[in-house]
Amino acid sequence: MTMRFTFMSIGCVSLLLLPAGAYALGMGTLYDEMRMMTEYDQQDFVSELPIQKFAPLVLGDEKFPVEEKHVDLSLQKKYATVCEDIAQTVGDVWISECQGFAEQLSELARKEAWIRALGRELQLIASSYEPEMDGHTGRENAIATKLPKATLLWQSGTDRMTNPVDQVRMKQLELPDTIKPHVQSIERILGGMVMIENAGETQKEDYGELVAAFFRYRNGYQEVQMEGKSAAQLAGEEDDPESFAYSCSNNAANPYAGTDLQMLGKRWCDLEREMHNIWQKLPREDFVDLGPKDTAVFPVKGLGVPGMSDAVLWVKRDDVGILWRMPLEPVLPMLHAEGTPVLSGIYPEPPAIPAPKHGICSHPFAQRGYLCRKQFVEHCPIQGEEFDGDENAITLAACKPYASPILETASGPDICQRGGWRTPVDLEELRKDTPAEDGNALSPGPCANCVVDLFCRDISGGATYKKTVDGIIPIAITQHSIMDPRYIIIHELIHAQQLCNLPPETEINPQTNRETCCEKEYLPYLIACKATAEDGLLDTTNISIEECAAMLANDSCSNWEYACTGPPADEAAYQKRMEELAEALKDENAPSCQDAITNLDGRALSIKESLRASCRPGCEAQYENTIGNNLCYIGQCIEESLEEHRLIPGRVPYVTQDEAFPWDSCMNEDPQLATFVTVPPLTRTFLPPYRGQELLQQLDTLLCQMNGLPRLSPPILCAFSPGKRLSLPLQTYFSTALSLVEQDKGQIDDTANLQESVGNIATRIGSTLYGEYLEKALKEFSELLRAAGTFGRQMGETAFPTVACPRNSTGDCEIFRE
Amino acid sequence: MRTPFLLAIGFCLLSFTGEALAASCPSGVSATVLGITPVSSHYTKKAIERAEQGIQAAEAFSDVNLEVASLFFPWLSEVTGAIAELVDTELRVSQEERGFRESTPCLFADLLILEAEMEKVRCKLSSETLSSSSVNIGKIAYLKGVLRFLNERYRNLLAGANDPMYVDEGWHIVQIFEEPQQNAGGQEQPDPVCPFHSNYLPPTALGYGCDLEAMGNLRSIASVGEEYSSLETLLARKDEFLSNVANLKDIIMEMNAFTGNENPDMSHWGQARVHREKFGCIDSSETASQVTGKILKNALFKMGGTRMEKRGPFSFVKDEPTLAREFMEMRTYWGEVRPQADDFKYPDEFVADADQAKAEKREESLPFTERVMREFGRIFFRDWNIRQARKEAAIVAKASDPYLQLQRELAMVRKEMRVLAEVASKKDMGGRNLARKLAFFLRTTCLFRPCNTQLDAVLKFVLTDECFPYVDGSFEDTKPGVPKWHEVRCKQEAGL
């Protein structure tokens with residue numbers, strides 16, 4: 001026994017000599033932690049504390065009472081020791097049976113350890129995908145400065161004006177010193193969650209609860225508190241955020257109670273109370289200038305929690321929470337609770353089957369996911385019919401869209417054409433527009449397609465008139481409208497932007513079609529409402545910018561009821577909201593019409609400047625150097641190049657339409673080059689007939705005809721007929737004989753001539769055949785060449801004008817025709 | 001023995017002509033033929049007239065009693081000899097055989113008339129001599145002269161009917177039966193007479209030749225009548241066709257106007273054919289104005305252009321065998337008349353007077369043997385020339401004809417190629433012109449932008465002629481690996 005004890009103590013000492021904190025997490029650097037964990041996984045002769053506590057609860061019975069210390073011993077295969085120990089308690093046991101039992105014990109411990117290792121691995125995999133925002137792990141990130149900078153860098157001026165989200169402004173404040181004691185008590189509470197036990201003769205620590213607490217309150221304690229509360233309760237509490245009632249009970253509605261997932265729903269009320277105390281002590285006076293959607297962030301405070309090197313406390317304007325920067329350890333399933341084993345496989349009651357399209361976040365597992373976290377959703381004011389989307393789409397939150405998303409343009413995307421992104425270059429020029437009607441004193445100049453003439457008039461609501469043939473768009477501004485003149489100017493200037501590149505006398509909004517009317521009115525109102533929101537007019541209500549724009553567009557498209565939003569569920573509520581809006585938009589300090597025109601708002605100046613074209617030679621463009629603005633410039637340049645820079649305005653080679661603009665230039669008639677040039681059909685060639693036999697017969701015939709005879713067969717019979725002389729003899733025999741010889745000679749000569757000529761005859765006949773064969777082909781070929789020559793010649797005779805073609809031609813074209 | 005034999009021949013001749021001895025002369029076919037007006041009024045008719053005058057003159061001879069002197073006048077042999085002369089194999093058989101193939105009906109008719117006249121004379125001869133109790137030497141002599149005269153005219157007509165250059169040398173010889181004619185107007189040499197008449201030629205589209213008008217009087221001759229009717233049918237068909245396609249002319253002209261093609265010469269479209277005639281000799285002064293006004297045609301006549309027709313009466317396509325044979329004969333004739341070498345020339349064969357004088361001097365001192373040898377030499381070389389000419393003629397067509405035919409076929413291609421070449425290579429035509437104008441036009445819109453450099457380069461290239469060597473073939477002159485001449489040169493000249 002003593003030997004064993006010595007041996008065991010030596011073993012324990014050696015174990016103790018292992019690097020300190022072998023079972024402690026979060027000691028040292030990340031590398032050390034990872035190394036510990038890997039070693040931990042490989043070790044299979046020391047079990048974790050939860051397993052150590054769990055195994056005896058499961059396996060122990062009267063026959064073999066298992067104690068916690070037996071677990072490690074079994075893992076180390078010290079079955080003899082285990083059996084001795086058990087024998088001491090219950091008396092003699094069969095060695096083999098006991099050994100078998102010890103093996104079971106070790107097997108159980110090993111399996112549980114494997115499960116836990118798997119859980120940890122999954123957690124590590126998930127963690128590796130969620131580093132901090134800038135990609136470096138374990139580093140602090142000053143979100144307060146980086147987020148606004150990023151948005152500023154990327155946004156263009158038009159984005160700023162048209163984006164219906166009033167930007168979330170963030171303020172960074174210092175934590176007051178009064179929270180220090182609370183921080184300390186939080187540290188203490190957290191430290192107390194570490195279970196340290198000595199059972200089994202080794203000191204083991206269990207961080208399960210600590211990890212669970214960090215996971216639970218990572219999104220803030222108020223969010224935890226909002227769980228399980230109905231919408232009405234939430235609304236009631238929201239009404240008075242200052243007296244946000246704190247309520248917690250340790251058993252408050254843990255949906256996982258009794259299961260091995262109970263840590264996921266557990267609440268630590270003392271922790272929550274301390275966090276609530278901290279929240280109450282925040283300097284509320286510094287929140288005054290913040291809008292309801294703005295937030296204030298405080299620097300994170302490191303927590304000195306044993307076993308976790310990177311635990312922090314984060315504080316925001318509306319919530320407090322604790323955070324573990326590098327979550328290496330997951331919330332592992334609970335193995336034991338208060339002396340009873342928690343057997344897995346027990347699930348809570350299945351949730352009710354949700355209605356269609358309403359269900360993804362009702363599932364207990366899905367509920368914990370990122371997509372199902374609590375979202376701050378825009379208030380959907382117009383509670384009309386249900387949002388009717390695609391059946392197979394997963395919809396987390398939706399509001400019915402307002403106006404038609406279709407924007408019609410004359411040609412091309414019209415990038416950055418609504419809203420202002422440029423800064424004024426020539427203020428003098430812009431100042432020429434006086435509050436009175438300026439008429440022809442203004443002119444678009446070479447750098448713009450239009451110029452705006454703002455003037456004051458006593459009408460209800462602003463009005464934009466048709467562009468005149470000189471390019472002037474008259475705009476009447478009034479003081480009798482729901483918005484004050486500054487915003488009316490912005491609204492009407494957007495209308496001017498819609499008109500600027502269209503032909504003169506184009507109707508802006510003929511109010512013939514509901515969708516067109518909405519589309520034409522919605523965007524200007526959106527920009528104007530955004531402007532009012534930026535100026536803080538909408539702060540007194542919770543009407544969103546889109547809602548403002550939609551309601552005002554309804555107003556403008558008066559030919560239809562609720563033209564742009566559709567009929568609301570509750571007309572009275574709609575009216576009430578409309579009145580609310582009108583009330584909010586009233587501003588006693590609003591400038592008069594003349595003032596508004598004379599001292600144009602910066603945004604209006606920017607919009608006016610953006611009426612000019614970007615890419616005409618000799619025209620300056622000035623803008624704030626953000627990525628978005630640069631993209632606006634490049635995009636407009638490309639569009640103008642494609643649409644305007646061409647040899648003949650109105651004729652774009654990149655589109656298939658003809659005569660894109662009705663005021664097209666003085667183009668010459670189609671010269672009809674080579675219209676009547678006919679290319680000869682390539683008919684089949686033919687071989688002329690070669691009648692060889694006939695030719696030879698011809699020759700024979702000739703031979704015989706030369707001698708006055710018909711064709712005889714064989715032709716040699718024609719060669720000589722002695723009857724000629726013999727039937728007509730001469731006076732003397734001698735002369736007759738001589739004449740016979742000469743007759744023969746004469747005929748031979750002729751025959752010989754013919755025979756010697758046969759080669760020539762054959763050649764000539766052959767070349768004639770060849771010529772016949774070629775003649776047709778050569779004729780067609782020469783016609784082809786003639787066609788080619790005609791093409792070439794007529795091509796060269798194309799006349800080019802010496803005067804550039806006009807863009808708007810209203811006069812006669814004679815000077816452009818040659 | 002000889003005389004009865006010849007008498008028998010004479011009878012055979014009578015039977016050979018297929019006529020029975022008739023009381024009046026002539027009879028049968030000949031009589032009808034003699035009633036026909038000859039085609040050629042300047043030659044045949046005149047010949048007939050002269051012959052008739054001769055006959056009249058012969059008739060005028062009164063009967064002369066048989067005198068002693070006349071006993072020694074071999075009158076029978078004279079007669080038979082005269083008739084035997086008519087049996088001229090060379091004329092009657094060879095040339096007439098050829099004439100059968102090549103003569104038109106008009107020529108045939110005229111020849112037939114001459115023959116009929118000869119038959120008349122012969123008949124008179126035979127009736128005078130054989131049926132008369134007395135011998136009229138003068139009449140026989142006159143008739144013999146007329147017969148010989150007619151034979152000669154027959155020969156000349158056969159030889160020269162198609163050849164306006166052929167002059168009847170013997171026309172102006174005063175025959176035995178004629179009075180010497182007074183020279184009128186102090187002419188030294190009477191005008192040459194040629195038997196040529198355009199009516200003897202095959203009918204042409206222009207109006208000449210042995211067409212219906214010319215053959216009109218000759219229809220009583222059976223074969224000519226058949227010829228006439230078939231020609232009439234052919235012409236009727238032709239006129240019907242032309243009337244069917246009468247609208248075509250306007251359509252052709254309109255279409256050519258659309259397509260920019262040239263109109264073919266349609267000045268004679270649908271015109272009625274008017275019969276024209278030309279006859280007699282053609283000399284250089286007359287040819288230019290009378291016939292066509294072009295010197296080319298004159299040469300054609302001189303070389304026998306009318307002597308040979310392109311299509312014989314037996315072929316629609318070119319009558320190659322006949323033409324080739326005629327060509328061979330012509331070349332052989334040229335070989336025959338080729339001048340001898342200087343050593344073998346007679347003094348008068350030299351062209352230049354100085355050479356002639358030298359030769360005459362040499363001639364005086366030439367020994368006899370050398371003269372004889374010279375004769376042999378001349379004969380030898382003449383034969384050699386003839387043989388060589390024949391051999392040459394055999395290959396001339398083979399060597400040159402294909403090329404000439406092809407050249408003719410390619411003429412229209414060459415014309416179009418020339419136009420195309422101009423369009424492709426000239427600076428102010430075609431693609432170059434367009435590129436030049438377009439580049440300039442683009443420059444006016446380019447204005448201070450980088451495209452200016454490119455347009456400048458384009459203009460430089462287009463305006464440099466060395467950069468367009470495609471038509472003069474210089475771009476073919478390359479060796480592999482060596483930069484093309486025109487590329488290097490082009491870059492240099494254009495300054496690129």
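Residues numbered from 1 in each chain as written. Chains lettered and ligands numbered in written order. Predicted model: local features only at pLDDT ≥ 70, side-chain atom pairs only at ≥ 80, totals over all residues.

A. Molecular detail of the overall build of chain B. In terms of regular secondary structure, chain B is built from 19 helices and zero strands. The 496 residues of chain B split such that 26% are buried. For chain B, the proportion of contacts with a sequence separation of at least 24, taken over those separated by at least 6, is 71%. (Helix = DSSP H or I, 4+ residues; strand = E, 2+ residues; numbered from the N terminus. Buried ≥ 20, exposed ≤ 12 C-beta atoms within 10 Å, placed from the backbone. Contact = placed C-beta atoms within 7 Å.)

B. Examining the overall build of chain A more closely. When its secondary structure is counted, chain A shows 26 helices and 12 strands. Each of the 818 residues in chain A was classed as buried or not, and the buried ones make up 30%. Counting contacts in chain A only where the partners sit at least 6 residues apart, residues at least 24 apart contribute 66% of the total.

C. Representation of the nonpolar core within the structure. Residue and element names in this part refer to chain A. Of all hydrophobic cores here, the largest spans 55 residues; its most connected members are A55, L105, A213 and F214. Here this core takes six residues from helix α6 (residues 95-128), the largest share from any one element. Looking at this core, you find at least three residues from each of domain 1 (14-128) and domain 2 (168-345). Apart from the residues within four sequence positions on either side, A55 is in contact with V66, V71, L105, L108 and A109. I475, I527, L537 and L552 belong to the second largest nonpolar core, which has 54 residues in total. (Core = buried A, V, L, I, M, F, W, Y, C linked by C-beta atoms within 7 Å. Domains from an automatic or database assignment.)

D. Inspection of the interface of chain B and chain A at higher detail. Taken together, the contact between chain B and chain A spans 45 residues of the former and 48 residues of the latter. Within the residue set of the side of chain B that touches chain A, elements represented by two or more residues are α6 (89-102), α11 (248-259), α14 (320-336), α16 (368-425) and α17 (430-446) of chain B. With 17 residues, α16(B) is the largest single contributor of residues to the side of chain B that touches chain A. Of the residues that constitute the side of chain B that touches chain A, the class distribution is 22 nonpolar, 11 polar and 12 charged. (Nonpolar A, V, L, I, M, F, W, Y, C, P; charged D, E, K, R; others polar.)

E. Structural detail: the pairing of strand β6 (residues 311-315) of chain A. Residue and element names in this part refer to chain A. Only one face of β6 is buried, namely the one carrying A311, L313 and V315, since none of V312 and W314 on the opposite face is buried. Relative to β6, strand β5 (residues 301-302) runs antiparallel, the two sharing two bridges. When the sheet's bridge partners are listed, K301 is paired in β6 with L313. Pairing between β6 and strand β7 (residues 320-324): five bridges, direction antiparallel. Within β7, the residue paired with L313 across the bridge is I322. Counting the residues between successive antiparallel strands, the hairpin from β6 to β7 contains four residues. (Pairing = 2+ DSSP bridges.)

F. Region of interest: the sheet that holds strand β12 (residues 472-477) of chain A. Residues and elements named next belong to chain A. If you walk across this open sheet you meet the three strands as β10-β12-β11, and the pairing is mixed. Looking at strand neighbours, the two that pair on one side only are β10 (451-456) and β11 (463-464), the edges of this open sheet. Sheet analysis places β11 next to β12, joined by two bridges and oriented antiparallel. Paired with A463 across the strands is A476, a residue of β12. Those strands touched by helix α17 (residues 485-500) are β10, β11 and β12, and its axis lies near 155° from that of β12. (Axes fitted to C-alpha atoms, helices over the stretch in contact; angles between N-to-C directions.)

G. Examining helix α14 (residues 269-280) of chain A more closely. Residue and element names in this part refer to chain A. Given a rise of 1.5 Å per residue, 12 residues ought to cover 16 Å, and the 16 Å separating the end C-alpha atoms of α14 matches this to within 8%. Every buried residue belonging to α14 is among L271, E272, E274, M275, H276, I278 and W279, and all of these are buried. Residues of α14 that are buried make contact with α9 (180-192), α10 (208-216), α11 (221-226), β6 and β7. (Expected span 1.5 Å × (residues − 1).)

H. Inspection of unusual backbone geometry at higher detail. Residues and elements named next belong to chain A. Phi is positive for C416, which is not a glycine, with a value near 55°. Looking at where C416 falls in the secondary structure, it is placed in the loop between α15 (364-367) and α16 (427-431). Residue E505 is not a glycine yet carries a positive backbone phi of 70°.

I. Spotlight on the packing of α17(A) against helix α18 (residues 514-534) of chain A. All names here are of chain A. One way to put it is that α17 packs onto α18 with a least axis distance of 9 Å and a crossing angle of 145°. Relative to α18, α17 is oriented so that their crossing is right-handed. Touching Y487, I490, H491, I494, H495 and Q498 of α17 are K520, L523, P524, Y525, I527, A528, A531 and T532, all from α18. (Left-handed = near helix turned anticlockwise from the far one by under 90°.)

J. Summary view of the environment of C98(A). All names here are of chain A. Along the polypeptide, C98 turns up in helix α6. Under the C-beta neighbour-count criterion, C98 is labelled buried, with 22 such atoms within 10 Å. Along the backbone, C98 and V82 are 16 residues apart, and their C-alpha atoms lie at a distance of 8.2 Å. When sequence neighbours within four positions are dropped, the list of residues in contact with C98 reads F64, C83, I86 and V93.

K. Spotlight on the sheet that holds β6(A). One open sheet holds the three strands; their spatial order is β5-β6-β7 (chain A), and the pairing between them is antiparallel. Because the sheet does not close on itself, it has two edges, and the strands there are β5 and β7 of chain A.

L. Here's a closer look at the environment of T453(B). Mapped onto the elements of the fold, T453(B) is located in helix α18 (residues 451-463). Separated by 10 residues in the primary sequence, T453(B) and R443(B) place their C-alpha atoms 9.8 Å from one another.

M. Fine view of the environment of P105(B). Residue and element names in this part refer to chain B. The topology assignment puts P105 in helix α7 (residues 105-131). On a C-alpha basis, the gap between P105 and Y228 in space is 8.9 Å, while along the polypeptide they are 123 residues apart. Excluding its chain neighbours within four sequence positions, the residues that come into contact with P105 are C210, M215, L218, V224 and E227.

N. A look at the confidence of the model for chain B. Residues and elements named next belong to chain B. On average, residues of chain B score 78 in pLDDT, and 78% of them are at 70 or above. Across chain B, the element-wise mean pLDDT spans from 48 in helix α12 (residues 284-291) up to 90 in helix α10 (residues 222-244). For the stretch residues 14-22, pLDDT sits under 50, and the model shows five contacts to residues farther than four places along the chain or on other chains. Per-residue pLDDT stays below 50 along residues 286-296; that stretch engages in 11 contacts with residues further than four places along the chain or on separate chains. Among the prediction metrics, the complex's ipTM stands at 0.71, with pTM recorded as 0.46. (pLDDT = per-residue confidence, 0-100.)

O. Local environment of the confidence of the model for chain A. For chain A, the mean per-residue pLDDT works out to 77, and 77% of the residues sit at or above 70. Confidence drops under pLDDT 50 across residues 5-24 of chain A; counting only partners more than four residues distant or on other chains, this segment forms nine contacts.

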